[in-house]
Amino acid sequence: RQWVLSFPFQISLCLAVRPEIMAKALEITHAAVSNYYHKKVGLQKSNAKTGAVTLIQRFGGSLNLNVHFHQLFIDGSYELGPDGEPLDFFTADPPTKPELDQVLKQIIKRLTRYLEKQKIIVKDNDQNFQLEIPEEDTYSRLQASSITYRFATGPSKGKKAMTLKSVPDTDRFAKSGLVVDNSGFSLHAGVATKAQEREKLEKICRYIARPAVSEERLSTNDRGEVIYKFKKPWDDGTTAIRMTPMELMEKLAALVPRPRVHLTRFHGVLGPHYKYRKQIVPQKPVAPTLTLAQAQSEVDKPPAPAAKRIAWARLLKRVFGIDLQHCPHCGRGELKIIATILERPAIEKILTHLGIDP
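Okay, so let's go over this structure. (Residues numbered from 1 in each chain as written. Predicted model: local features only at pLDDT ≥ 70, side-chain atom pairs only at ≥ 80, totals over all residues. Heavy atoms only, no water.)

1. What about the overall build of the chain?
The condition is simple: Strands here mean DSSP runs of E at least two residues long; helices mean DSSP runs of H or I at least four residues long; both are numbered from the N terminus. Accessible area is worked out with a 1.4 Å probe on protein chains only. A residue is then buried under 20% of its type maximum, exposed over 50%, and partly exposed in between. Contacts between residues were defined by any pair of non-hydrogen atoms, one from each residue, lying within 4.5 Å. Per-residue accessibility takes into account occlusion by the displayed protein chains alone, with areas from the Shrake-Rupley method and a 1.4 Å probe.
Looking only at helices and strands, the chain features 10 helices and 15 strands. For the chain, the proportion of its 358 residues judged to be buried stands at 35%. Within the chain, contacts between residues at least 6 apart in sequence are counted, and of these 65% link residues at least 24 apart. If you sum the accessible surface of the chain, you get close to 23500 Å²; carbon and sulfur atoms cover 55% of it.

Structure representation (C-alpha cells):
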C-alpha cells in the first residue's frame, strides 16, 4: 500500500535545507504507520515488524520544490519470534478515514514536538515557523524561493513565475477516497496492490521514481521563453507557467538534492541490516542435490551462459519509450547491430550525409 505524506510549505522547506530533520521526519512517519499496522492486525509493538520502501520526492507539478514522502508498505505485519525472526504474516484490512486521521495526528504531534526542541517552531508565538538562512547560503535561498513559486535571482527576483490560465476545472478538486488533511499536512493511502499484481506494483514504483521534469510538457514560444504545462490545471484555471531559460535553470537547481542525501530508504524487514531479511526478500533458487550419475552428466554438459543484465536497448524502450530493435518505418522488422563505428571522420561523414549536424 502506498502512503503519501505531504507537508506545509514551511516544513517542506526545512526538510530540504536540513537533511537531518528530513531523516527524523521520515523516522517519525514510518513509526506512526508501522504502529497502525501492528494494532490493525492485533500484535504488540515488541513482537511485530512490518517493512517499507520510501522514495523521497522533492518536486511538485510546476517545477517547484516540494519535499514529500512516498512509502510503499507491506500491507500487514509480521509476528516475530524471541530472536526477532519472522514467524507468520498477518494481512491488514484497508484503513478507514478515522484511522488515517489518527495516524496523521500522531505524525503532526511528534514532528511538532521535535521541531520545538530544535527551536524551529516557537510554541509561545502561535507556533510560528522560523528558519534562519544565511545570506551567503545561495542554494538554500534558491530552495526557499522555489517552494513559494518565486525566483531568487535575476530581473524577476522575488516575483512569481508568469502563469497562463484557462477556464477553471472545479470538478477535479472534489476530495474523495482515503485522504485526510490537517494543518497543512496531507496523508493519502488509497492505492494498494495484491500480491500477484506485479505489473501494477511496477507501475506504482515507476510513477513515484519518475524524474522532476516531463519533456512532453516543456516547450518554447516564439520569443524564446520557456513554457511548462501542468499535468492538470490548478483550481484557479492556471494551466502553465512562463519563464526565461535562466529562470528555468534556477528552478531546476533548487530541485537538485544535497550531496550524500539518499532519496530511497528501506525500513523494517526490508532494511539492509535486518538479520532475517533473506527470509522476506526472494532469493535465487537453490540448486537441487544430485546423485553421482547426475553430477557426472552435468559435468559433461557445456557450461551455461552467465546471467546477463537487461539489454540496453530493452532498457531504453522501457524507460524512455525508444524502440531501437524494430524498423522505424514498418514497425515490424527486427533490427540488428551490423557495425560499431568509433572513428570521428567516418561518423561526421555519415551524419552529414543523413542531414544531421555532426
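We are not done yet, so read on.
2. Topic: helix α2 (residues 19-40)
Under the convention used in this document: A helix is expected to span 1.5 Å multiplied by its residue count minus one.
An ideal rise of 1.5 Å per residue puts 32 Å on 22 residues; α2 measures up with 32 Å between its terminal C-alpha atoms. Following α2 by one or two positions, Gly42 has its phi on the positive side, about 80°.

3. A short note on the sheet that holds strand β6 (residues 86-91)
Let me state the cut-off plainly: Two strands are said to pair when DSSP picks up at least two bridges between them.
Ordered by their spatial adjacency, 3 strands build an open sheet running β2-β5-β6, and the pairing between neighbours is antiparallel. The open sheet terminates on both sides in strands that have one partner only, identified here as β2 (48-49) and β6.

4. A short note on unusual backbone geometry
The phi angle at Leu63 is positive, at roughly 65°, despite the residue not being glycine. Relative to the assigned elements, Leu63 resides in the loop between β3 (51-59) and β4 (65-73). The backbone phi angle of Arg260 is positive, close to 60°, even though this residue is not glycine. If you trace the backbone, Arg260 turns up in the loop between α6 (245-255) and β15 (264-268).

5. Digging into the packing of aromatic side chains
Counted only if it meets this: Classification of ring pairs rests on two measures: the distance between centres of Phe, Tyr or Trp rings, Trp counted by its six-membered ring, which must be within 6.5 Å, and the angle between planes, read as stacked under 30 degrees, edge-to-face over 60 and tilted in between. Lysine NZ or arginine CZ positioned within 6 Å of the ring centre and within 35 degrees of the ring normal marks a charge as sitting over the ring.
Throughout the structure, instances matching the rule amount to 10 aromatic pairs. For the pair Trp3 and Phe73, a centre-to-centre distance of 6.5 Å together with 70° between the ring planes defines the contact as edge-to-face. Placement of the pair is Trp3 in strand β1 (residues 2-6) and Phe73 in strand β4, with a sequence separation of 70 residues. A relative accessible area of 2% places Trp3 in the buried class. These aromatic residues form a ring-pair network of at least three members: Trp3, Tyr36, Tyr37 and Phe73. The side chain of Arg210 reaches across the aromatic face of Tyr207, ending 4.0 Å from its centre.

6. A look at the environment of Gln57
Spelled out, the test is: N or O atoms within 3.5 Å of each other form a polar contact, as long as, within protein, one can give a hydrogen and the other can take it, and as long as residues adjacent in sequence are counted only when both atoms are side-chain atoms.
Topologically, Gln57 is positioned in strand β3. The spatial distance from the C-alpha of Gln57 to the C-alpha of Thr264 is 9.3 Å, given a sequence separation of 207 residues. The contacts of Gln57, once residues within four sequence positions are left out, are Asn66, Val67, His68, His70, Tyr207, Ile208 and Arg210. Among the polar contacts listed, one links the side chain of Gln57 to the side chain of His70, at a separation of 3.5 Å. A polar contact of 3.0 Å, which involves the side chain of Gln57, links it to the backbone oxygen of Ile208.

7. A closer look at the layout of surface pockets
Heads up, the rule is: Grid spacing is 1 Å over the protein atoms alone, the probe is 1.4 Å, and a cavity is where that probe fits but cannot get out, while a pocket is an open set with protein on both sides within 12 Å along at least five of seven lines and lining residues have an atom within 4 Å of a point. Grid points are joined across faces, edges and corners, and a volume is the space filled by probe spheres set on the points. As a working rule, the residues Ala, Val, Leu, Ile, Met, Phe, Trp, Tyr, Cys and Pro are called nonpolar, Asp, Glu, Lys and Arg charged, and the rest polar, with Gly in that last group.
Empty space within the second largest pocket amounts to approximately 780 Å³. Phe73, Ile74, Arg198, Leu201 and Leu270 are the residues nearest the centre of the second largest pocket, which is lined by 27 residues in total. Of all the secondary-structure elements, those providing two or more residues to the lining of the second largest pocket are β3, β4, β6, α5 (198-208) and α7 (277-280). Looking at which element gives the most residues to the lining of the second largest pocket, the answer is α5, with 4 residues. A class-by-class count of the residues in the lining of the second largest pocket yields 18 nonpolar, 4 polar and 5 charged.

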